[in-house]
Amino acid sequence: MRTNKIFAALSILFLASCGCGNGTNNNGQGSNTIPDNPNPAPPAITYSVIKAYPHDTSSYTEGLFWQNNALYESTGNYGNSQLRRNNLLTGQPDKMIKLGKEFFGEGISLINNKLYQLTYKEKKVFVYDANTFSKIKELEWTTGEGWGMTHNDTELIISNGSSNLYFVDPETFRVKRITGVTDNNGPLTYLNELEYVNGSVYANIWQTNTIVKIDLVTGKVIGKMDMAGLLDKNGTPKPDEWYQDGNVLNGIAYDATKNSFYITGKDWPAVFEIKLN
Ligand SMILES: [Ca+2]
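What counts and how
- Residues numbered from 1 in each chain as written.
- Predicted model: local features only at pLDDT ≥ 70, side-chain atom pairs only at ≥ 80, totals over all residues.
- Helix = DSSP H or I, 4+ residues; strand = E, 2+ residues; numbered from the N terminus.
- Contact = placed C-beta atoms within 7 Å.
- Pairing = 2+ DSSP bridges.
- Axes fitted to C-alpha atoms, helices over the stretch in contact; angles between N-to-C directions.
- Core = buried A, V, L, I, M, F, W, Y, C linked by C-beta atoms within 7 Å.
- Buried ≥ 20, exposed ≤ 12 C-beta atoms within 10 Å, placed from the backbone.
- pLDDT = per-residue confidence, 0-100.

Enquirer: How do you make sense of the overall build of the chain when you look at a structure like this?
Expert: When its secondary structure is counted, the chain shows three helices and 22 strands. For the chain, long-range pairs separated by at least 24 residues make up 48% of all intrachain contacts whose partners lie at least 6 apart in sequence.

Enquirer: Explain the sheet that holds strand 1 (residues 47-54) to me, please; I cannot follow it from the model alone.
Expert: Across a sheet, paired strands are connected by hydrogen bonds in the backbone, their directions being either parallel or antiparallel. The four strands lie next to each other as 1-22-21-20, forming an open sheet whose pairing is antiparallel. Where the open sheet ends on each side, the last strands, each with one partner, are strand 1 and strand 20 (249-255). Neighbouring strand axes in the sheet, compared pairwise and without regard to direction, differ in orientation by 25 degrees on average.

Enquirer: Mind showing me how you'd approach the nonpolar core here?
Expert: Ranked by size, the top nonpolar core spans 46 residues in total, and within it Met149, Ile157, Val201, Ala203 and Ala253 carry the most contacts. A per-element tally of this core places strand 17 (residues 200-205) first, with four residues. Filtering out sequence-adjacent residues up to four positions away, Val201 remains in contact with Thr150, Ile157, Leu165, Leu194, Glu195, Tyr196, Ile214 and Leu216.

Enquirer: Mind showing me how you'd approach the sheet that holds strand 10 (residues 149-151) here?
Expert: Ordered in space as 10-11-12-13, the four strands form an open sheet in which the pairing is antiparallel. Among the strands making up the open sheet, the edge pair consists of strand 10 and strand 13 (175-180). Across the sheet, the mean angle separating the axes of adjacent strands is 25 degrees when strand polarity is ignored.

Enquirer: In this structure, what is going on with the environment of Asn204? I would like to understand it.
Expert: Along the chain, Asn204 turns up in strand 17. Asn204 sits in the buried class, given 30 other C-beta atoms within 10 Å. Asn204 sits 47 residues away from Gly251 along the chain, and the two C-alpha atoms are 7.3 Å apart.

Enquirer: How should the environment of Ser74 be read in this particular structure?
Expert: Residue position: Ser74 is located in strand 3 (residues 70-75). Expressed as a C-alpha distance, the spacing of Ser74 and Thr119, which sit 45 residues apart in the sequence, is 9.8 Å. Discounting chain neighbours no more than four positions away, the residues touching Ser74 are Glu62, Gly63, Leu83, Gly105, Glu106, Gly107, Ile108 and Gln117.

Enquirer: What is the right way to look at the confidence of the model for the chain in this model?
Expert: Low-confidence regions, as indicated by low pLDDT, have predicted coordinates that should not be scrutinised in detail. For the chain, the average pLDDT comes to 90, and 87% of its residues sit at 70 or higher. In the predicted structure, residues 1-31 sits below a pLDDT of 50 and forms five contacts with residues beyond four places in sequence or in another chain.

Following this line, the structure appears as structure tokens:
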């Protein structure tokens, strides 16, 4: 018995000295130590609004990009999902097709003269001829939901509501690699509409007024754009309830010729041309 008591006493001493109990912080550092922040908050990216263009207020924007002097748009909601090629000046499409009412349109991208359109929960990806909008084939997206899409030189880049970006072979739709996106608070979820520009991806964060710039090598957020009040400041104010109904910021397109971005949201009355400062 004496041996056991000594052993128990030594055990308590050991636990107290090594700090193995539940009261110790996880990084093994003393509670009075303030560690250097290895991942500071990303810097703000400021912008200037150049011009406002009309946007169809029945377009629940889920995908947006600029190419061939037109604004390509995918819209969501069951029964009102479309693929559109819009005239920037009028907001109206010169080409448009409607999806079946059982499909909710999501991200779009154009690569190798083919247009790809994700669907939200239906796991279908529609592939169209970029000129005629005639459907070439259907593919499957089974890695969660379909949210945003853009592309680099050879790969489609897809978001699904998580903190990951998926790099996908356009022909096979196989996921080639995954990049986890983090900011100073850790993994950044709800990455939504995407836009690839010169090695970075800009992403809308769902249900916020924030667009982040992501370094695709590290997955780190390297800049943050605060788009709060964009409609209000530019003459089309909306009450808070309107945004709470889901009409949130969502839609980033990049026009390399002008070095401008076009920014809109779900059912918004305007598309804003902005330039980064
Ligand atoms: Ca986009």
